[in-house]
Amino acid sequence: MSKKLRIAVISLYALENNGVRHVATPLREAGYSVTEIYFKDWVNNRFPWPSEEEVNALITLLADRRIDIVGFSVRASAFHRMAKYLTERVRHELNLPILWGGMHPTFLPERCISIADYISVGEVDHAVVDFFDTIERGERADSVPGFWMRDGDTVYRNDIAPLVDLNEVPFRDFHTEDDKFHIEGSVVTQGDPFITNPEYTLLASRGCPYWTCTFCSNTLTKPLYDGKGKKFRIRSVEHLVSELEYAKKLCKDIKVVRFDDEVFPLRKGWIAEFKEKWPARVGIPFEVLVDPRMVAYEPLKHLKEAGLRAVCMGIQASERVNKEFYNRNTTDEQILNAQRIFRKLDIDSSLQIIWDDPVSEEEDKDSVFRLVMELERPFNLYLFGLTIYPNTHLARRLLREGLITEADIEGVGTHAFEQFRVDLSYPRPKADQRWLALLVLANKPFLSKEFVWKLYESERFKKDPRPLTHLATATNLAHMAGFVGKMAMRGEVTPLLIKRWVNPGSLVTM
Ligand code: B12
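Cut-offs and rules
Residues numbered from 1 in each chain as written. Predicted model: local features only at pLDDT ≥ 70, side-chain atom pairs only at ≥ 80, totals over all residues. Heavy atoms only, no water. Helix = DSSP H or I, 4+ residues; strand = E, 2+ residues; numbered from the N terminus. Rg over C-alpha atoms; globule rule 2.2 N^0.38 Å. Buried < 20%, exposed > 50% of the residue type's maximum accessible area, 1.4 Å probe, protein only. Contact = heavy atoms within 4.5 Å. Areas by Shrake-Rupley, 256 points an atom, 1.4 Å probe, with all protein chains shown as cover. Lys, Arg positive; Asp, Glu negative; His and termini not counted. Charge placed at Lys NZ, Arg CZ, Asp CG, Glu CD. Near = heavy atom within 4 Å. Polar contact = N/O pair within 3.5 Å; in protein donor to acceptor, adjacent residues only side chain to side chain. Nonpolar A, V, L, I, M, F, W, Y, C, P; charged D, E, K, R; others polar. Expected span 1.5 Å × (residues − 1). Pairing = 2+ DSSP bridges. Core = buried A, V, L, I, M, F, W, Y, C linked by side-chain atoms within 4.5 Å. Domains from an automatic or database assignment. Phe/Tyr/Trp six-rings, centres within 6.5 Å; stacked < 30°, edge-to-face > 60°. Lys NZ or Arg CZ within 6 Å of the ring centre and 35° of its normal.

### A word on the overall build of the protein chain
Link 1 in the chain: A count of helices and strands for the protein chain gives 20 helices and 17 strands.
Link 2 in the chain: Relative to the compact-globule value of 24 Å for 510 residues, the protein chain shows a C-alpha radius of gyration of 23 Å, a close match.
Link 3 in the chain: Projected onto its principal axes, the C-alpha coordinates of the protein chain cover approximately 75 × 55 × 45 Å.
Link 4 in the chain: Taken over 510 residues, the protein chain has a buried fraction of 59%.
Link 5 in the chain: Taking the intrachain contacts of the protein chain between residues at least 6 apart in sequence as the baseline, contacts between residues at least 24 apart amount to 75%.
Link 6 in the chain: When the accessible surface of the protein chain is split by element, carbon and sulfur atoms take 55% of a total near 21,100 Å².
Link 7 in the chain: If the 69 positive side-chain charges of the protein chain are averaged to one point and the 73 negative ones to another, these points end up 3 Å apart.

### Some remarks on the site of the ligand
Link 1 in the chain: Taken together, 39 residues sit near the ligand, with Tyr-13, Asn-18, Ser-77, Asp-125 and Glu-262 positioned nearest.
Link 2 in the chain: A distance of 2.8 Å separates a nitrogen atom of the ligand from a polar atom in the side chain of Ser-73.
Link 3 in the chain: Here Ala-416 contributes a backbone N or O atom positioned 2.8 Å from a nitrogen atom of the ligand.
Link 4 in the chain: Mapped by element, the contributors of at least two residues to the shell around the ligand are strand 1 (6–12), helix 1 (18–29), strand 3 (69–73), strand 4 (98–101) and helix 4 (103–107).
Link 5 in the chain: It is helix 1 that provides the largest number of residues to the shell around the ligand, a total of four residues.
Link 6 in the chain: Among the residues making up the shell around the ligand, the classes are represented as 18 nonpolar, 13 polar and eight charged.

### Focus: unusual backbone geometry
Link 1 in the chain: Going from Arg-377 to Pro-378, the amide bond is cis rather than trans, its omega being -5 degrees.
Link 2 in the chain: Within the secondary structure, Pro-378 sits in the loop between helix 13 (362–374) and strand 17 (380–385).
Link 3 in the chain: Phi at Arg-66 takes a positive value of approximately 50 degrees, unusual for a residue other than glycine.
Link 4 in the chain: Structurally, Arg-66 is set in the loop between helix 2 (52–64) and strand 3.
Link 5 in the chain: The phi dihedral of Asn-95 falls on the positive side, at around 55 degrees, and the residue is not glycine.
Link 6 in the chain: Residue placement: Asn-95 occurs in the loop between helix 3 (80–94) and strand 4.
Link 7 in the chain: Under the relative-accessibility criterion, Asn-95 is labelled exposed at 63%.

### Focus: helix 19 (residues 466–489)
Link 1 in the chain: For helix 19, with 24 residues, the first-to-last C-alpha span of 35 Å sits near the 34 Å given by 1.5 Å per residue.
Link 2 in the chain: Along helix 19, the residues classified as buried are Leu-468, Thr-469, Ala-472, Thr-475, Asn-476, His-479, Met-480 and Met-487.
Link 3 in the chain: Elements in contact with the buried residues of helix 19: strand 17, helix 16 (430–442), helix 17 (449–457), helix 18 (459–463) and helix 20 (495–501).
Link 4 in the chain: Gly-491 sits one or two positions beyond helix 19 and adopts a positive phi of about 75 degrees.

### Some details on the pairing of strand 3
Link 1 in the chain: Within strand 3, five of the five residues are buried, which leaves the element mostly enclosed by the surrounding structure.
Link 2 in the chain: Residues Ile-69, Gly-71 and Ser-73 of strand 3 are buried on one face, and the alternating residues Val-70 and Phe-72, pointing to the opposite face, are buried as well.
Link 3 in the chain: Sheet analysis places strand 1 next to strand 3, joined by five bridges and oriented parallel. What sits directly across from Ile-10, in strand 3, is Phe-72.

### Brief notes about the nonpolar core
Link 1 in the chain: Core analysis: the largest hydrophobic core is formed by 75 residues, its most contacted members being Val-257, Phe-259, Phe-274, Phe-286, Phe-342 and Val-372.
Link 2 in the chain: For this core, the leading source of residues is helix 16, giving eight residues.
Link 3 in the chain: There are two domains that each give this core at least three residues, and those are domain 2 (197–422) and domain 3 (428–510).
Link 4 in the chain: Beyond its immediate chain neighbours, meaning those up to four positions away, Val-372 contacts Ile-315, Ile-353, Phe-379, Leu-381, Leu-439 and Ala-442.
Link 5 in the chain: Grouped together as the second largest cluster of nonpolar side chains are 43 residues, Ala-8, Leu-62, Phe-72 and Leu-163 included.

### What about the packing of aromatic side chains?
Link 1 in the chain: Within this structure, the stated rule accounts for 31 aromatic pairs.
Link 2 in the chain: For the ring pair Tyr-118 and Phe-131, a centre distance of 5.1 Å and an interplane angle of 80 degrees mean the geometry is edge-to-face. Of this pair, Tyr-118 sits in strand 5 (residues 118–120) while Phe-131 sits in helix 6 (residues 127–136), placing them 13 residues apart in sequence.
Link 3 in the chain: Every member of this aromatic cluster is reached through a ring pair, and the members are Phe-259, Phe-264, Trp-270, Phe-274, Trp-278 and Phe-286.
Link 4 in the chain: The ring of Trp-435 has Arg-434 sitting right over it, with the charged end atom 4.8 Å from the ring centre.

Any functional reading would require information that these geometric values do not contain.
Have a look at this one:
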């Protein structure tokens, strides 16, 4: 039965936004008219403020679609100021009620409810239908689990909704075309902007098997769900495979599937079933994220046989910083061993390091470099700048110890927009410029390790690291060209990919 209320759900700078899709789908199934709006897309280290033309296009679209209530998906805290600005503009021009959902209001509900009329906190895949049904009936949504409401200065803070059974969550809707729009500059394009992407992304689980890393959002979502049931949930293989059967019919260009799970489930029985069903019914190569504590030869061998092409794995920092600050009990030996397994099975690996933290000493940086030099080549090395998310254990500790100020925390700060992936030309102390250049050189297959050790020992670059940075930039470009060449051969290079990653103002290193 179709319902009266006309809803818009807006994604900020993410064409793939799972949150928007997971909200829009059950609402459509419940009979609502839902307009999905993809308001601009991200570019590595660049999230420019929306132009007047773009804001007007958004307002006109909302008016043309006769929207009754506007939902913003505020996934990352760095969007706080922008979401507030857009909320005020929409309210001023159209006088519509505004709802915020996503990780940011889940992290900082009090701050967000002072701006929006309603917020959702936590997962609301089913609860979102209860929320809109309440409004549709003309009732006040002041007691719907999963949602907070503000009436003037009075805030109604409801309990969170129960955790969802992932096998009962409908697949993200890729079949609706007419109710989706992408706004970029003066152009408003109708249709799903992600349907032609050669990389299909999804999650096989929600939560994390570890939950402890102090920099991560999961340390905040875990206590939120205390007493609410099993927190780390894995979808059934059947549910996953059926999703891909559905998606393959609509997203015709899928060349690779990327599982975005924090840690891909490496459970024995699950993998045995996956190995049987994935190649037979999906047959598309895939990539996953793994944790060094979990990597073992057998499960990865099965995944390789099922089509596993590449893995991403976090090194993060030195053993000391991982333990003392990140509450991450991984050892260098586990990391070395994991990389040996990837090599043995011929699985491409991209290893990740978090830089720019306020606690690593020179000895920590030295030990990270030594570890990277010891890793069996080849591998890609992704360098990230530490982004401090609000309310995390790390944010609270660094504040307490006077190592950061509120301005360094996302929401006030926007680090994720500027230096999420490390850019060698970003202003940093000399010592860090040298370390980063050395790290970029350390994994380049065309430079011998003896040569990199010589550069490391040179006193000259300690005084002036600039020539080293130039060399690292040049070798990085050569390495990147090889990587992109490989992707091009597989038909995976698209204008979207180039737009997102080739930001001349901030070149990614790998
Ligand atoms: C996968 C992922 C990505 C993928 C997105 C893939 C995709 N298809 O969506 C990519 C790589 C693109 C990405 C990019 C970024 N990400 Co990210 N990402 C994640 C990850 C691991 C999972 C997100 C996800 O899909 N969850 C499943 C969906 C269904 O859950 P959800 O988004 O929370 O949505 C639910 C509710 O929140 C709510 N909801 C969401 N939106 C709305 C809207 C309305 C109106 C309503 C009512 C409800 C609602 O309902 C949904 C269903 O229950 C999370 C970590 C995590 N565990 O959440 C980080 C995470 C969200 N990312 C984060 C960040 C910082 C970023 C980037 C800024 C990094 C960067 N600089 O590039 C960008 C931002 C992109 C953008 N423009 O939003 C941080 C945000 C932390 C913070 N407080 O700032 C997180 C939490 C990671 C972390 N380590 O803590 N990310």
